[in-house]
Amino acid sequence: MMDKQELWARIDAERDEATRRGRELFDCPELGFQETKTAEIICRYLDEWGVPYHKEVSLTGVVATIGEGDYHIAVAADMDALPRQDGQGCIHACGHSIQVANALTVLWALLPWAREGRLGGRVSFFFTPAEELTNPDFRNQLMAEGRIIGRSGKQDMIARGWFDDVDCVLSCHASGNAEEKFDVDSVLTGFMLKKAVFHGRPAHSGGAPHLGRNALHGAILTQNALAFVKDQFDPAACVRIQPVISGVSGGINIIPDQSALESYVRAADKETLFRAGRRFDECVDGCAKALELTAEIRTDPGYLPLNQSAVICRSLEENMLAFCTPEEIDRHPISGASGDVGDLGTLLPTVQFGFSGIDGVFHSDRFAVADEVHCYITAAKVLAGTAADLLSRPELQVRNEHFVEDKKNYLTKWLQQD
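Here the structure is a predicted model, which means the values were calculated and not measured.

*Asks:* Can you help me understand the sheet that holds strand β7 (residues 168-174) in this one?
*Replies:* Across a sheet, strands are paired by hydrogen bonds formed along the backbone, either parallel or antiparallel in direction. Taken in spatial order, the eight strands make up an open sheet running β1-β2-β6-β3-β7-β17-β8-β15, and their pairing is mixed. Of all the strands in the sheet, the pair left with one neighbour each is β1 (53-57) and β15 (329-331). With direction set aside, neighbouring strand axes in the sheet form an average angle of 20 degrees. With seven bridges connecting them, strand β3 (residues 72-78) and strand β6 (residues 122-128) associate as parallel partners.

Below, the structure written as structure tokens:
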């Protein structure tokens, strides 16, 4: 069995270097599927440590595997950043650079056991691009060119088979909750993207408005209908539908013959997500028909809800308690946020724990790492300790025995791949 105290001591000895890596990565923000410099930094460290890897996975991702054995853990870390609100480049406003830094620290810490053949299994480090669904036109172009299959890095890696022989997934993410040091077993909502285009008939808005059929009215009526429909879902399901009117034809003196309504449809579980998606379509169709309009609806997959592995979450909490009190752990929070880690959680036993230590506001230009020790050292210890437990304790080694069938359904019913 791996000695976790020795493992954690190795991370402590790497404190200065781990923090320096974190700062270097934070200062290298890049948008999804464009993380070339970030990939270069990752590969530079892997080369320095003599760790083999695959690069240009899903365009900019990197995958490195250490150890040997049957049980196979994936440590997943997002690479991408967000556009700055002031328009001046990008910023790691969701803390993905911390994930990359921690994955590198855990890899470095586990290396002696791997090289001595004592790791007890395999650990692959998946540095995954494009978690944030930014620059949609760019991604649509990449899909049209056949360069990506899924709109996010993890979706593309899943579709291309990179996770096919993985047994479970470990991940961490900075948390906006400053009251507790960690969160465990959180639920992330899933979402789909909806766009409804209404078609009517133009007319002179002063001379003969009755001859037209106002497409904008269809969007407005649907917006109101969706507001009422949300009340029909249990609040615990976290259904969120906040539509915006994104386009209207014509001018001030013309009855508009076209309008567009767009929205994310969010929910905390897959069944409710698909039901909410159907209700969206019903509202569009019903409102269009009531106003003698026609409507077409486009649905694009977003991310699936994240429901975490209870077995691995128990191990996570055991490791957290080595660094905090029970009162400093937030258990089973439900978030309106989403991530493509939810897609992995649909196919494999998956966890993503949260850690505090952030100042400012997520997804804003004011995001900053306030507690470097907690973010870059303590969080890495929890991640490494959980990996050590899984490799050393067979009762924790959960798998999805139905992965092949589940992946087939995922590709056809969610990613809509033939």
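*Asks:* Just checking my understanding: could you explain the layout of surface pockets for this structure?
*Replies:* The gaps of empty space that remain are located by a probe, the size of a water molecule, rolled over the atoms. Estimates place the volume of the largest pocket at around 720 Å³. Along the wall of the largest pocket there are 33 residues; nearest its centre are His173, Leu188, Ser335, Ala337 and Ser338. Per element, the largest residue contribution to the lining of the largest pocket is three residues, and it comes from strand β17 (residues 350-355). A per-class count over the lining of the largest pocket returns 13 nonpolar, twelve polar and eight charged. The volume enclosed by the second largest pocket comes to roughly 390 Å³. Along the wall of the second largest pocket there are 15 residues; nearest its centre are Pro136, Asn140, Leu193, Glu262 and Asp300. Of all elements in the fold, only α5 (136-144), β10 (190-199), β13 (258-267) and β14 (294-303) reach the threshold of two or more residues within the lining of the second largest pocket. It is α5 that provides the largest number of residues to the lining of the second largest pocket, a total of four residues.

*Asks:* Looking at this model, I keep getting lost on the packing of aromatic side chains. Mind explaining?
*Replies:* For any pair of aromatic rings, geometry is given as the distance between the ring centres together with the angle between the planes. Inspection of every chain in the model, using the stated rule, returns nine aromatic pairs. With a centroid separation of 5.4 Å and an interplanar angle of 70 degrees, the aromatic rings of Phe191 and Tyr303 are classed as edge-to-face. Here the residue Phe191 occupies a position in strand β10, and Tyr303 occupies one in strand β14, the gap between them amounting to 112 residues. Here Phe191 falls in the buried class, since its relative accessible area comes to 3%. Looking at Tyr303, the relative accessible area reads 2%, which means it is buried. Here Phe274 and Trp414 contribute two aromatic rings whose centre-to-centre distance is 5.7 Å and whose plane-to-plane angle is 70 degrees, an arrangement assigned as edge-to-face. Highlighted residues: Phe274 in helix α8 (residues 270-290) and Trp414 in helix α12 (residues 403-414), separated in sequence by 140 residues. The class for Phe274 is partly exposed, based on a relative accessible area of 30%. Residue Trp414 is classed as buried on the basis of its relative accessible area of 5%. Taken together, the aromatic side chains of Phe26, Phe362 and Phe367 make up a single cluster linked through ring pairs.

Definitions and cut-offs
- Residues numbered from 1 in each chain as written.
- Predicted model: local features only at pLDDT ≥ 70, side-chain atom pairs only at ≥ 80, totals over all residues.
- Heavy atoms only, no water.
- Pairing = 2+ DSSP bridges.
- Helix = DSSP H or I, 4+ residues; strand = E, 2+ residues; numbered from the N terminus.
- Axes fitted to C-alpha atoms, helices over the stretch in contact; angles between N-to-C directions.
- 1 Å grid on protein atoms, 1.4 Å probe; cavity = no way out; pocket = protein on both sides within 12 Å on 5 of 7 lines; lining within 4 Å.
- Points joined across faces, edges and corners; volume = space filled by probe spheres on them.
- Nonpolar A, V, L, I, M, F, W, Y, C, P; charged D, E, K, R; others polar.
- Phe/Tyr/Trp six-rings, centres within 6.5 Å; stacked < 30°, edge-to-face > 60°.
- Buried < 20%, exposed > 50% of the residue type's maximum accessible area, 1.4 Å probe, protein only.

The values are spatial; any link to function lies outside them.
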